[in-house]
Amino acid sequence: MNLIESKLENGVLILKLNRPDKFNSFNRPMALDLIEKLNEANSNDNVRAVILTGEGKAFCAGQDLAEAMDSNGPGIQRIVEEHYNPIILKIRELNKPVIAAVNGVAAGAGANIAIACDIVLAADTASFIQAFSKIGLIPDSGGTFFLPRIVGHHLAAALMFTGDKLSAEDALKHGLVYKLFSPDNLMIEAQKFSETIAQMPTAAIAQTKKLLNKSFTSNLVEQLKQEGNEQVIAAKSYDYNEGVTAFLEKRKPVFKGK
């Protein structure tokens, strides 16, 4: 059984967490496989967008606690440093947009992997849980970095301290999710949405993602300078020339991501 199922269609790579009997909780083989698949996506020019989703009822329940407690297992330090930290960095550094399609519960590291993606789509039955405090741990996988920036300090603190479940509707209301769909339509709509993005000037989207990453640590002056630098690069691209030419010729542009 492949722990990460992958399928490339119309420029969109679907990566599906595939331990449904364990609610897609991560063990070491699945984490390392996801890192490898993200590396492959980054270097494959045929991949212009990535969807991350889960098989079965859950998106991801976080860490497989049996592995975490196993005296012969990798241990918490290696799990954080070799599994989750690289996954989050790969998602943020990937030069393609990453769309989370949250099909069910996203708990613990699973929730934080979802919100580290560029865009989050979700089933209207999905939920997000900062489950760490329930077992005496602290949020990892970038949760303390991304969540307060998305929902604000006070709500992030409340969700992390209590471990309360955030419904899909509340996640939408607080900006954690972009759009909701019925469970049956989620992957259909996520594929359509991602294909639309894949047909856009994805080189410029990669630059935009780079700038969004920099915005986490830059001040306004630094960010304006970075925007200027990236705009000069974008203005030399094939897609810029194609976009302007298509506009003047009143036709639909055909972007190549170059």
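Everything below is about the structure shown above.
Below: a short report on this structure.

Cut-off values and rules
Residues numbered from 1 in each chain as written. Predicted model: local features only at pLDDT ≥ 70, side-chain atom pairs only at ≥ 80, totals over all residues. Heavy atoms only, no water. Pairing = 2+ DSSP bridges. Helix = DSSP H or I, 4+ residues; strand = E, 2+ residues; numbered from the N terminus. Axes fitted to C-alpha atoms, helices over the stretch in contact; angles between N-to-C directions. Contact = heavy atoms within 4.5 Å. Salt bridge = Lys/Arg side-chain N within 4 Å of Asp/Glu carboxyl O. Buried < 20%, exposed > 50% of the residue type's maximum accessible area, 1.4 Å probe, protein only.

### Things to note about the sheet that holds strand S7 (residues 127–129)
Working definition: the strands of a sheet are paired by backbone hydrogen bonds and lie parallel or antiparallel to each other.
And then number 1: Taking strand neighbours across the sheet as the criterion, the three strands line up as S5-S7-S8 in an open arrangement whose pairing is mixed. Sheet topology places strand S5 (105–107) and strand S8 (165–167) at the edges, where each strand pairs with a single neighbour. Taken over all neighbouring pairs, the strand axes of this sheet differ in orientation by 20° on average, direction set aside.
And then number 2: Bridge analysis of S7 against S8 gives three bridges, and the strand direction is antiparallel. When the bridges of S8 are listed, Ile129 appears paired with Lys165.
And then number 3: Running over the sheet, helix H4 (residues 109–116) touches S5 and S7 and is turned about 100° from S5.

### Observations concerning the pattern of salt bridges
Close approach of charged atoms lets side chains of opposite charge pair.
And then number 1: Under the definition given, this model contains 13 salt bridges.
And then number 2: We note a salt bridge from Glu55 to Lys16, for which the minimum N-O separation is 3.3 Å. Here the residue Glu55 occupies a position in the loop between strand S3 (49–54) and helix H2 (65–69), and Lys16 occupies one in strand S2 (residues 12–17), the gap between them amounting to 39 residues.
And then number 3: Here Glu230 ties to Lys210 by a salt bridge, and the two come within 2.9 Å at their closest N and O atoms. Taken together, the positions of Glu230 in helix H10 (residues 220–234) and Lys210 in helix H9 (residues 202–215) put the pair 20 residues apart, joining distant regions of the chain.
And then number 4: Overall, the relative accessible area of 7% leaves Glu230 in the buried class.
And then number 5: Judged by relative accessible area, Lys210 falls into the partly exposed class, the value being 41%.

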